[in-house]
Amino acid sequence: MTTYDPFDAGVLADPYPAYAAARATEGLAHEPLLDTWLVSRYDDVVAVLRQARLYSSARGMGDLAAMAFSGDEQRLAPRLLILEDPPVHTTLRRLVARGFTPSRILDSAPMVQAIADRHVAELLEHGTDGELVRDLAVPFPVRVIAELLGIPPSRFAEFRGWSEAIMKAFSITPDPAGGNAAIEAINEFFAEVIDERRSNPGDDLVSLLVRRGGEGEDPLTLDELVSFCILLLIAGNETTTNLLGNALLVLLERPDLEAALRADPALIAPFVEEVLRYDSPVQSLFRGLSEPATLAGVDLPEGARIMVLLGAANRDGAHYDAPDEVRLDRFATGTPDHVAFGSGVHLCLGAPLARLEAKVALTTLLAATSELRATGEPTRTASFLLRGCTSVPLHAVPA
Ligand code: HEM
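Residues numbered from 1 in each chain as written. Predicted model: local features only at pLDDT ≥ 70, side-chain atom pairs only at ≥ 80, totals over all residues. Heavy atoms only, no water.

Engineer: Quick rundown of the packing of helix α15 (residues 238-253) against helix α17 (residues 268-278)? Include the residues and the values.
Structural biologist: Here α15 crosses α17 at 100°, and the two axes come no closer than 10 Å. Of the possible angle classes, the one that applies to α15 and α17 is roughly perpendicular. Contact with α15, carried on its side by Leu-243, Asn-246, Ala-247, Val-250 and Leu-251, involves Phe-271, Val-272, Val-275, Leu-276 and Tyr-278 of α17 and no other residues of that element. In terms of residue class, the contact of α15 with α17 is built from 9 nonpolar, 1 polar and no charged. (Axes fitted to C-alpha atoms, helices over the stretch in contact; angles between N-to-C directions. Helix = DSSP H or I, 4+ residues; strand = E, 2+ residues; numbered from the N terminus. Parallel < 35°, antiparallel > 145°, perpendicular 65-115°, else oblique. Contact = heavy atoms within 4.5 Å. Nonpolar A, V, L, I, M, F, W, Y, C, P; charged D, E, K, R; others polar.)

So, in structure tokens, the structure goes:
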């Protein structure tokens with residue numbers, strides 16, 4: 001049986017056999033390299049994520065950020081939503097959630113569509129030299145976030161460079177110095193943007209967030225605002241890139257599905273949900289125990305590190321029929337219950353935006369083409385946290 005080694009090239013290429021082994025382990029499997037307990041069954045994953053005080057993000061995700069950014073994540077990004085526990089998390093989340101209401105996401109649809117049109121056209125222009133990741137999956141979400149934040153187009157290239165440098169810190173070939181330099185540059189950049197929006201507000205997300213919250217609520221501090229803008233880059237870009245790459249790999253392997261989506265574009269939204277489950281862009285999260293607890297019959301001490309394997313929970317045969325198959329009807333009705341966006345108080349704030357982006361990009365790509373032809377082998381991302389592709393050579397044949 002394959003054991004889960006997060007640094008093994010074979011496991012990174014296809015982690016699912018190792019996840020199956022972890023799920024089959026009585027109690028909890030332990031991973032020695034990261035000294036972490038592996039939580040892999042659907043019910044255990046949901047139980048951990050729904051007890052945010054006991055299974056602390058500050059301890060778990062905080063450890064991870066400290067590793068990625070040479071031990072000083074607080075100086076680099078203080079009060080980062082994803083690294084906080086209740087009650088601090090509760091207040092911060094309420095303040096920033098104002099920027100992600102369903103109506104604000106709906107309002108952004110024409111902007112998302114215009115950016116998708118532009119990048120699909122770019123992919124088509126490249127003909128047989130097209131590359132999904134370079135032409136569409138990377139620039140599209142970065143540009144959407146830049147537009148939401150009101151970043152001027154002249155700064156897009158820099159913005160994308162910082163975003164990539166920060167994400168590299170979370171790969172298995174990290175470059176902490178590059179990540180730190182990018183965070184410092186971006187801190188300075190956002191501090192300027194925020195200052196400018198305070199005196200000259202528009203209708204972008206930053207302008208909304210610099211305004212006071214509800215009655216009696218303190219506004220976000222400058223540090224909190226800068227940290228949140230950085231979090232949007234970390235949480236919102238590569239994740240969406242990965243979702244698009246993973247979706248395309250499924251379509252290239254399953255021409256029957258591609259034909260079904262072309263025949264009925266209403267199936268694209270349930271397809272996106274199924275890809276989120278089948279090949280989750282975020283494979284794992286970390287938590288740390290704030291006090292001793294028993295999980296899956298295993299007694300764990302305070303401080304124990306927990307790796308929450310979302311990608312394993314989403315393939316749990318005890319929860320899903322035929323979990324290793326892509327089925328368009330799995331989430332055709334009802335609320336999808338996969339954990340690709342997490343669960344509990346840290347449930348992805350950007351999920352509605354990510355769903356919109358994926359649906360618009362795939363709908364636009366399929367409408368503009370008659371065929372999608374692989375022109376080379378795709379390359380997988382080298383990370384046990386994030387699963388996606390760094391390259392998908394593709395000839396998108398115009399319709
Ligand atoms: C397919 C794309 C995406 C996936 C799979 C994804 C996944 C996740 C997951 C699993 C979490 C939970 C982290 C935890 O529990 O520790 C999360 C949190 C978060 N995501 Fe996403 N995400 C995606 C896109 C986005 C986008 C587009 C944005 C914003 C523009 C975003 C913003 C956030 C934020 C702010 C949090 C932190 C929430 C909190 O701690 O309360 N995400 N995301």
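Engineer: Lay out the pattern of salt bridges with the relevant residues and their values.
Structural biologist: This model, assessed by the stated rule, comprises 17 salt bridges. Of the charged contacts, one joins Glu-196 and Arg-197 as a salt bridge, the two residues approaching to 3.1 Å between their closest N and O atoms. Exposure remark for Glu-196: the relative accessible area of 37% places this residue in the partly exposed category. Residue Glu-274 is joined to Arg-277 by a salt bridge in which the shortest nitrogen-to-oxygen separation is 2.9 Å. A residue pair is termed a helical-turn pair when its members lie 3 or 4 positions apart in one helix, as Glu-274 and Arg-277 do in helix α17 at 3 residues. Comparing Glu-274 with Arg-277 shows no difference in burial state: the two are buried. Here the salt bridges do not stand alone but share partners, grouping Glu-196, Arg-197 and Asp-204 into one network. (Salt bridge = Lys/Arg side-chain N within 4 Å of Asp/Glu carboxyl O. Buried < 20%, exposed > 50% of the residue type's maximum accessible area, 1.4 Å probe, protein only.)

Engineer: Please give an account of the packing of aromatic side chains that cites residues and values.
Structural biologist: Using the criterion set out here, one finds 9 aromatic pairs in the structure. Relative to Phe-189, the ring of Trp-162 has its centre 5.3 Å away and its plane inclined at 55°; by these criteria the two rings are tilted. Here Trp-162 is found in helix α11 (residues 156-168), whereas its partner Phe-189 is found in helix α12 (residues 176-199), with 27 residues between them in sequence. For Trp-162, a relative accessible area of 13% corresponds to the buried category. A relative accessible area of 4% places Phe-189 in the buried class. An aromatic cluster is defined as three or more aromatic residues linked by ring pairs; in this entry it consists of Phe-159, Trp-162, Phe-189 and Phe-190. (Phe/Tyr/Trp six-rings, centres within 6.5 Å; stacked < 30°, edge-to-face > 60°.)

Engineer: Any chance you could break down the site of the ligand for me, citing the residues and the numbers?
Structural biologist: With respect to spatial proximity, 30 residues lie near the ligand, and among them His-89, Arg-93, Arg-287, His-346 and Cys-348 are the closest. One of the side-chain nitrogen or oxygen atoms of Arg-93 is found 2.8 Å away from an oxygen atom of the ligand. Residue Ala-235 places a main-chain N or O atom 3.4 Å away from a nitrogen atom belonging to the ligand. For the shell around the ligand, the secondary structure elements donating two or more residues are α6 (88-97), α14 (222-236), α15, β4 (284-289) and α19 (351-368). (Near = heavy atom within 4 Å. Polar contact = N/O pair within 3.5 Å; in protein donor to acceptor, adjacent residues only side chain to side chain.)

Engineer: Got a sec to walk through the coordination of the iron atom of the ligand? Specific residues and values, please.
Structural biologist: Just one protein atom coordinates the iron atom of the ligand, and that atom is Cys-348 (SG), at 2.3 Å. Tracing the backbone shows Cys-348 in the loop between α18 (310-313) and α19. (Donors = N, O, S within 2.8 Å, 3.2 Å for Na, K, Ca; no water.)

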